[in-house]
Amino acid sequence: IGKLAYDIGLEKDSTIWAACFYGGLIKSEDKGESWVNVFVDTADTEINYNDLTHRFFATTIDTSTEPNTIWAGTAAGIFKSTDGGWEWLGWNHASSGISGNFIVALAIQYLPDSSKVVWASTRQALSADEWDCVSYTTDEGENWHTFDYNMTVWNFSFRDSMVYAATTGGLCISSDFGVSWDTLEIVDCGTGESSIDPEVVSVLYQDGKLFAGTSDGLAIKDIDAPCWDILLVSPSTLPLNAPKTYFFPNPFSQEKHSRGYFVFSSTEPDNATITVFNFAMEEVGKPIVDYPVPAGEDVRIPWDGTDADGEMLANGIYSYRVEFSSGRSLWGKLAILR
(Lines give C-alpha, C1' and ligand atoms only; values in the text may rest on other atoms or scores of the structure.)
Protein backbone atom coordinates (compact mmCIF):
# COMPACT_ATOMS: atom_id res chain seq x y z
CA ILE A 1 0.00 0.00 0.00
CA GLY A 2 1.27 3.44 -0.88
CA LYS A 3 3.99 2.23 -3.25
CA LEU A 4 2.41 3.98 -6.21
CA ALA A 5 5.50 5.16 -8.09
CA TYR A 6 5.29 8.74 -9.32
CA ASP A 7 8.82 8.80 -10.73
CA ILE A 8 11.73 6.47 -11.49
CA GLY A 9 15.48 7.08 -11.79
CA LEU A 10 18.25 4.81 -13.06
CA GLU A 11 21.89 4.82 -12.02
CA LYS A 12 24.72 3.82 -14.35
CA ASP A 13 25.16 0.58 -12.41
CA SER A 14 21.47 -0.26 -13.11
CA THR A 15 20.27 0.52 -9.57
CA ILE A 16 16.64 1.60 -9.88
CA TRP A 17 15.11 4.28 -7.65
CA ALA A 18 11.36 4.86 -7.33
CA ALA A 19 9.59 7.76 -5.61
CA CYS A 20 6.40 6.43 -4.03
CA PHE A 21 3.39 8.21 -2.60
CA TYR A 22 3.46 7.60 1.19
CA GLY A 23 5.43 4.44 0.44
CA GLY A 24 8.81 6.13 0.67
CA LEU A 25 11.84 6.14 -1.57
CA ILE A 26 12.68 2.60 -2.65
CA LYS A 27 15.58 1.13 -4.60
CA SER A 28 16.38 -2.13 -6.33
CA GLU A 29 19.85 -3.42 -7.19
CA ASP A 30 18.59 -6.57 -8.95
CA LYS A 31 16.42 -5.18 -11.76
CA GLY A 32 13.28 -5.04 -9.62
CA GLU A 33 13.37 -8.53 -8.11
CA SER A 34 13.59 -7.00 -4.63
CA TRP A 35 13.25 -3.52 -3.17
CA VAL A 36 14.36 -1.77 0.01
CA ASN A 37 13.26 1.50 1.57
CA VAL A 38 15.84 4.27 1.81
CA PHE A 39 15.20 6.97 4.42
CA VAL A 40 16.43 10.54 3.99
CA ASP A 41 16.33 10.80 7.78
CA THR A 42 18.77 8.01 8.54
CA ALA A 43 17.34 7.61 12.05
CA ASP A 44 14.12 6.22 10.51
CA THR A 45 13.71 2.47 10.09
CA GLU A 46 10.11 2.02 8.97
CA ILE A 47 7.51 3.94 6.99
CA ASN A 48 5.44 6.50 8.86
CA TYR A 49 2.55 7.55 6.62
CA ASN A 50 2.14 10.83 8.51
CA ASP A 51 5.77 11.88 7.97
CA LEU A 52 5.96 14.10 4.88
CA THR A 53 9.61 13.09 4.33
CA HIS A 54 8.25 9.59 3.64
CA ARG A 55 6.02 10.84 0.82
CA PHE A 56 8.01 10.97 -2.41
CA PHE A 57 6.88 12.33 -5.76
CA ALA A 58 10.05 12.87 -7.80
CA THR A 59 13.54 11.52 -8.29
CA THR A 60 16.32 12.08 -10.82
CA ILE A 61 19.87 10.73 -11.08
CA ASP A 62 22.92 12.81 -12.01
CA THR A 63 25.00 10.28 -13.92
CA SER A 64 27.77 12.82 -14.57
CA THR A 65 29.10 12.37 -11.02
CA GLU A 66 30.93 9.39 -9.56
CA PRO A 67 29.26 7.94 -7.63
CA ASN A 68 25.99 9.08 -9.19
CA THR A 69 24.09 11.76 -7.27
CA ILE A 70 20.55 10.88 -6.19
CA TRP A 71 18.02 13.70 -6.07
CA ALA A 72 14.63 13.07 -4.48
CA GLY A 73 11.55 15.25 -3.96
CA THR A 74 9.12 14.85 -1.08
CA ALA A 75 6.16 16.69 0.41
CA ALA A 76 8.68 18.26 2.79
CA GLY A 77 11.37 19.49 0.41
CA ILE A 78 14.30 18.39 -1.76
CA PHE A 79 16.96 15.86 -0.75
CA LYS A 80 20.31 14.82 -2.27
CA SER A 81 22.71 11.95 -1.66
CA THR A 82 26.19 11.58 -3.14
CA ASP A 83 26.98 8.19 -1.55
CA GLY A 84 24.22 5.92 -2.78
CA GLY A 85 21.63 6.96 -0.22
CA TRP A 86 23.52 6.52 3.06
CA GLU A 87 23.67 10.24 3.88
CA TRP A 88 21.40 13.04 2.68
CA LEU A 89 21.32 16.83 2.48
CA GLY A 90 17.96 18.58 2.43
CA TRP A 91 16.42 21.92 1.46
CA ASN A 92 12.97 23.36 2.10
CA HIS A 93 11.07 26.61 1.77
CA ALA A 94 12.13 27.94 5.15
CA SER A 95 15.81 27.04 4.88
CA SER A 96 16.62 27.71 1.25
CA GLY A 97 13.86 29.86 -0.24
CA ILE A 98 12.45 27.36 -2.73
CA SER A 99 8.86 28.39 -3.49
CA GLY A 100 7.23 25.35 -1.89
CA ASN A 101 7.95 22.07 -0.14
CA PHE A 102 5.77 19.83 -2.34
CA ILE A 103 8.25 18.64 -4.98
CA VAL A 104 6.39 17.30 -8.02
CA ALA A 105 9.24 17.09 -10.54
CA LEU A 106 13.04 17.09 -10.61
CA ALA A 107 15.27 17.19 -13.69
CA ILE A 108 18.88 17.94 -14.61
CA GLN A 109 19.78 20.24 -17.48
CA TYR A 110 23.23 19.49 -18.91
CA LEU A 111 24.48 22.63 -20.68
CA PRO A 112 26.85 22.79 -23.68
CA ASP A 113 29.63 24.33 -21.53
CA SER A 114 29.55 21.21 -19.27
CA SER A 115 27.81 23.04 -16.46
CA LYS A 116 24.42 21.84 -15.22
CA VAL A 117 21.24 23.06 -13.61
CA VAL A 118 18.93 21.10 -11.34
CA TRP A 119 15.30 22.12 -11.81
CA ALA A 120 12.44 21.44 -9.41
CA SER A 121 8.68 21.94 -9.52
CA THR A 122 8.24 23.42 -6.05
CA ARG A 123 4.58 23.64 -5.09
CA GLN A 124 2.77 24.79 -1.99
CA ALA A 125 2.57 22.16 0.73
CA LEU A 126 1.36 23.27 4.19
CA SER A 127 2.65 26.80 4.72
CA ALA A 128 0.51 29.74 3.62
CA ASP A 129 3.57 31.65 2.38
CA GLU A 130 4.57 28.92 -0.09
CA TRP A 131 3.48 29.11 -3.73
CA ASP A 132 3.53 27.00 -6.91
CA CYS A 133 6.56 27.84 -9.06
CA VAL A 134 9.88 26.50 -10.33
CA SER A 135 13.12 26.58 -8.37
CA TYR A 136 16.61 25.78 -9.64
CA THR A 137 20.21 25.51 -8.51
CA THR A 138 23.44 25.85 -10.49
CA ASP A 139 25.75 24.85 -7.62
CA GLU A 140 24.48 21.48 -6.38
CA GLY A 141 22.00 23.05 -3.98
CA GLU A 142 24.21 25.56 -2.19
CA ASN A 143 21.94 28.29 -3.54
CA TRP A 144 18.40 27.98 -4.89
CA HIS A 145 16.64 30.50 -7.12
CA THR A 146 12.92 31.00 -7.66
CA PHE A 147 10.49 33.63 -8.95
CA ASP A 148 7.51 35.57 -7.66
CA TYR A 149 5.05 34.32 -10.31
CA ASN A 150 2.75 31.29 -10.00
CA MET A 151 3.37 28.29 -12.24
CA THR A 152 2.26 24.69 -11.69
CA VAL A 153 4.69 22.30 -13.41
CA TRP A 154 4.33 18.54 -13.93
CA ASN A 155 7.47 17.77 -15.90
CA PHE A 156 10.65 19.23 -17.45
CA SER A 157 12.77 18.56 -20.51
CA PHE A 158 15.68 20.40 -22.13
CA ARG A 159 17.32 21.25 -25.45
CA ASP A 160 20.74 22.74 -24.71
CA SER A 161 19.95 25.99 -22.85
CA MET A 162 16.21 25.78 -23.62
CA VAL A 163 13.88 24.63 -20.85
CA TYR A 164 10.52 23.01 -21.60
CA ALA A 165 7.92 22.77 -18.83
CA ALA A 166 4.67 20.81 -18.93
CA THR A 167 2.26 22.95 -16.91
CA THR A 168 -1.41 23.31 -16.07
CA GLY A 169 -1.42 26.33 -18.39
CA GLY A 170 0.24 24.72 -21.39
CA LEU A 171 3.61 23.69 -22.79
CA CYS A 172 5.99 26.48 -21.78
CA ILE A 173 9.50 27.25 -23.00
CA SER A 174 12.19 29.50 -21.51
CA SER A 175 15.60 30.52 -22.82
CA ASP A 176 16.53 32.73 -19.86
CA PHE A 177 16.42 30.24 -16.98
CA GLY A 178 12.81 30.86 -16.08
CA VAL A 179 12.78 34.66 -16.03
CA SER A 180 10.21 34.60 -18.86
CA TRP A 181 8.21 31.88 -20.57
CA ASP A 182 6.48 31.50 -23.91
CA THR A 183 3.64 29.04 -24.48
CA LEU A 184 3.77 26.65 -27.44
CA GLU A 185 0.29 26.12 -28.87
CA ILE A 186 -0.45 22.49 -29.67
CA VAL A 187 -2.31 22.41 -33.00
CA ASP A 188 -2.92 19.18 -34.88
CA CYS A 189 -1.57 19.23 -38.47
CA GLY A 190 -4.40 17.04 -39.79
CA THR A 191 -7.42 18.79 -38.26
CA GLY A 192 -6.02 22.29 -37.68
CA GLU A 193 -7.59 22.20 -34.21
CA SER A 194 -5.87 23.26 -31.02
CA SER A 195 -5.73 21.03 -27.97
CA ILE A 196 -9.05 20.74 -26.10
CA ASP A 197 -7.33 21.48 -22.78
CA PRO A 198 -4.33 23.76 -22.29
CA GLU A 199 -2.85 21.52 -19.57
CA VAL A 200 0.19 19.45 -20.56
CA VAL A 201 1.23 16.72 -18.13
CA SER A 202 4.50 15.50 -19.64
CA VAL A 203 7.17 16.67 -22.08
CA LEU A 204 10.27 15.17 -23.68
CA TYR A 205 12.75 16.57 -26.19
CA GLN A 206 14.86 13.92 -27.90
CA ASP A 207 16.72 13.65 -31.21
CA GLY A 208 15.09 16.66 -32.84
CA LYS A 209 11.55 15.75 -31.79
CA LEU A 210 9.30 17.19 -29.10
CA PHE A 211 6.75 14.97 -27.33
CA ALA A 212 3.90 16.26 -25.13
CA GLY A 213 1.25 14.42 -23.12
CA THR A 214 -2.15 16.10 -23.45
CA SER A 215 -5.84 15.41 -22.84
CA ASP A 216 -6.15 14.79 -26.59
CA GLY A 217 -3.40 12.18 -26.71
CA LEU A 218 0.32 12.03 -27.36
CA ALA A 219 1.43 15.08 -29.38
CA ILE A 220 4.63 14.85 -31.46
CA LYS A 221 6.40 17.39 -33.66
CA ASP A 222 9.73 17.91 -35.35
CA ILE A 223 11.35 20.74 -33.46
CA ASP A 224 11.10 23.19 -36.40
CA ALA A 225 7.66 22.08 -37.62
CA PRO A 226 4.75 24.56 -37.32
CA CYS A 227 2.21 22.02 -36.00
CA TRP A 228 1.83 18.68 -34.24
CA ASP A 229 0.64 15.14 -34.92
CA ILE A 230 -1.68 14.09 -32.09
CA LEU A 231 -1.90 10.32 -31.71
CA LEU A 232 -5.23 8.96 -30.47
CA VAL A 233 -6.49 5.51 -29.57
CA SER A 234 -8.16 4.00 -32.65
CA PRO A 235 -11.44 2.09 -32.18
CA SER A 236 -10.07 -0.57 -34.53
CA THR A 237 -7.15 -1.25 -32.15
CA LEU A 238 -9.28 -1.68 -29.01
CA PRO A 239 -9.55 -5.19 -27.50
CA LEU A 240 -12.27 -7.45 -28.91
CA ASN A 241 -14.46 -7.09 -25.82
CA ALA A 242 -14.11 -3.28 -25.67
CA PRO A 243 -16.70 -0.85 -27.04
CA LYS A 244 -15.90 0.21 -30.59
CA THR A 245 -16.62 3.81 -29.77
CA TYR A 246 -15.40 6.12 -27.03
CA PHE A 247 -15.76 9.72 -25.89
CA PHE A 248 -12.88 11.90 -24.73
CA PRO A 249 -11.97 13.60 -22.51
CA ASN A 250 -13.83 11.47 -20.03
CA PRO A 251 -14.91 12.92 -17.58
CA PHE A 252 -15.82 16.00 -19.60
CA SER A 253 -15.97 19.48 -18.05
CA GLN A 254 -17.22 22.45 -20.03
CA GLU A 255 -15.35 24.75 -17.66
CA LYS A 256 -12.03 23.02 -18.42
CA HIS A 257 -12.36 21.64 -21.95
CA SER A 258 -13.19 23.61 -25.06
CA ARG A 259 -14.94 20.57 -26.55
CA GLY A 260 -15.18 16.79 -26.42
CA TYR A 261 -15.28 14.16 -29.15
CA PHE A 262 -17.26 11.07 -30.03
CA VAL A 263 -14.85 8.69 -31.77
CA PHE A 264 -15.77 5.67 -33.90
CA SER A 265 -15.22 4.19 -37.35
CA SER A 266 -17.10 2.28 -40.05
CA THR A 267 -15.87 -0.28 -42.57
CA GLU A 268 -18.19 1.21 -45.23
CA PRO A 269 -19.34 4.74 -46.09
CA ASP A 270 -22.35 5.67 -43.98
CA ASN A 271 -24.15 8.44 -42.10
CA ALA A 272 -24.38 8.48 -38.29
CA THR A 273 -26.77 10.05 -35.79
CA ILE A 274 -25.60 10.44 -32.18
CA THR A 275 -28.09 10.64 -29.32
CA VAL A 276 -27.22 11.12 -25.65
CA PHE A 277 -29.32 9.55 -22.86
CA ASN A 278 -29.47 10.13 -19.12
CA PHE A 279 -29.54 7.37 -16.47
CA ALA A 280 -33.29 6.86 -17.06
CA MET A 281 -32.57 6.43 -20.80
CA GLU A 282 -34.34 9.68 -21.64
CA GLU A 283 -32.93 11.59 -24.59
CA VAL A 284 -30.93 14.62 -23.47
CA GLY A 285 -28.43 16.80 -25.20
CA LYS A 286 -28.54 18.17 -28.70
CA PRO A 287 -28.54 15.24 -31.18
CA ILE A 288 -26.00 15.11 -33.99
CA VAL A 289 -27.89 14.03 -37.11
CA ASP A 290 -26.69 12.37 -40.35
CA TYR A 291 -22.99 13.01 -39.87
CA PRO A 292 -21.12 11.65 -42.93
CA VAL A 293 -18.77 8.78 -42.08
CA PRO A 294 -16.08 7.75 -44.60
CA ALA A 295 -15.03 4.10 -44.81
CA GLY A 296 -12.08 2.86 -42.80
CA GLU A 297 -11.26 6.16 -41.09
CA ASP A 298 -11.61 7.14 -37.45
CA VAL A 299 -14.28 9.83 -37.09
CA ARG A 300 -14.01 12.51 -34.40
CA ILE A 301 -17.29 14.38 -33.92
CA PRO A 302 -17.08 17.43 -31.63
CA TRP A 303 -19.66 18.02 -28.87
CA ASP A 304 -19.91 20.82 -26.32
CA GLY A 305 -21.89 18.98 -23.62
CA THR A 306 -25.07 21.04 -23.94
CA ASP A 307 -28.74 20.19 -24.33
CA ALA A 308 -31.12 21.39 -27.07
CA ASP A 309 -31.42 24.77 -25.31
CA GLY A 310 -27.68 25.26 -25.14
CA GLU A 311 -27.51 24.55 -21.40
CA MET A 312 -24.73 22.43 -19.94
CA LEU A 313 -25.90 18.97 -18.88
CA ALA A 314 -25.80 18.20 -15.17
CA ASN A 315 -23.08 16.15 -13.52
CA GLY A 316 -23.56 12.44 -14.07
CA ILE A 317 -23.03 9.35 -16.18
CA TYR A 318 -24.60 9.37 -19.64
CA SER A 319 -25.01 6.78 -22.38
CA TYR A 320 -24.85 7.61 -26.06
CA ARG A 321 -25.86 5.77 -29.21
CA VAL A 322 -24.17 5.99 -32.60
CA GLU A 323 -26.86 4.92 -35.06
CA PHE A 324 -25.87 4.35 -38.68
CA SER A 325 -28.21 4.80 -41.65
CA SER A 326 -27.51 1.16 -42.52
CA GLY A 327 -29.21 0.10 -39.28
CA ARG A 328 -26.14 -0.73 -37.20
CA SER A 329 -25.55 0.97 -33.85
CA LEU A 330 -22.78 1.41 -31.30
CA TRP A 331 -23.14 2.35 -27.62
CA GLY A 332 -20.79 4.20 -25.32
CA LYS A 333 -20.70 6.01 -21.98
CA LEU A 334 -19.40 9.36 -20.84
CA ALA A 335 -19.24 11.32 -17.59
CA ILE A 336 -19.87 15.02 -17.11
CA LEU A 337 -18.14 16.59 -14.12
CA ARG A 338 -18.14 20.31 -13.52
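Going by the structure above, here's the rest.
Attention here is on the structure that accompanies the text.

About the thresholds
Residues numbered from 1 in each chain as written. Predicted model: local features only at pLDDT ≥ 70, side-chain atom pairs only at ≥ 80, totals over all residues. Heavy atoms only, no water. Helix = DSSP H or I, 4+ residues; strand = E, 2+ residues; numbered from the N terminus. Buried < 20%, exposed > 50% of the residue type's maximum accessible area, 1.4 Å probe, protein only. Contact = heavy atoms within 4.5 Å. Areas by Shrake-Rupley, 256 points an atom, 1.4 Å probe, with all protein chains shown as cover. Lys, Arg positive; Asp, Glu negative; His and termini not counted. Charge placed at Lys NZ, Arg CZ, Asp CG, Glu CD. Phe/Tyr/Trp six-rings, centres within 6.5 Å; stacked < 30°, edge-to-face > 60°. Disulfide = S-S within 2.5 Å.

1. Points about the overall build of the protein
Line of reasoning, step 1. Regarding its fold elements, the protein presents one helix and 27 strands.
Line of reasoning, step 2. Within the protein, the proportion of its 338 residues that are buried is 48%.
Line of reasoning, step 3. Considering only contacts within the protein whose residues lie at least 6 apart along the sequence, 44% involve residues at least 24 apart.
Line of reasoning, step 4. Total accessible area on the protein stands at roughly 16,700 Å², and carbon and sulfur atoms take up 51% of it.
Line of reasoning, step 5. Each charge class in the protein can be summarised by its mean position, and for the 20 positive and 48 negative side chains these summaries are 5 Å apart.

2. Comments concerning the packing of aromatic side chains
Line of reasoning, step 1. Under the criterion given, the structure shown has 26 aromatic pairs.
Line of reasoning, step 2. Both rings, one in Tyr6 and one in Phe21, keep their centres 6.2 Å apart while their planes meet at 80 degrees; by these two values the pair is edge-to-face. A residue pair is termed long-range when its members are at least 10 positions apart, and Tyr6 in strand β1 (residues 4-10) and Phe21 in strand β2 (residues 16-21) qualify at 15 residues.
Line of reasoning, step 3. A relative accessible area of 46% places Tyr6 in the partly exposed class.

3. Concerning the state of the cysteines
Line of reasoning, step 1. Evaluated as defined, the whole model comprises one disulfide.
Line of reasoning, step 2. The disulfide that involves Cys189 links it to Cys227, with 2.0 Å between the sulfurs. Between Cys189 and Cys227, the S-S torsion sits near 105 degrees, and that sign places the bridge as right-handed. Of this pair, Cys189 sits in the loop between β16 (182-184) and β17 (200-206) while Cys227 sits in the loop between β19 (218-222) and β20 (229-231), and the two are 38 residues apart along the sequence.
Line of reasoning, step 3. Sulfur of Cys172: no disulfide; nearest cysteine sulfur belongs to Cys133 and is 11 Å away.

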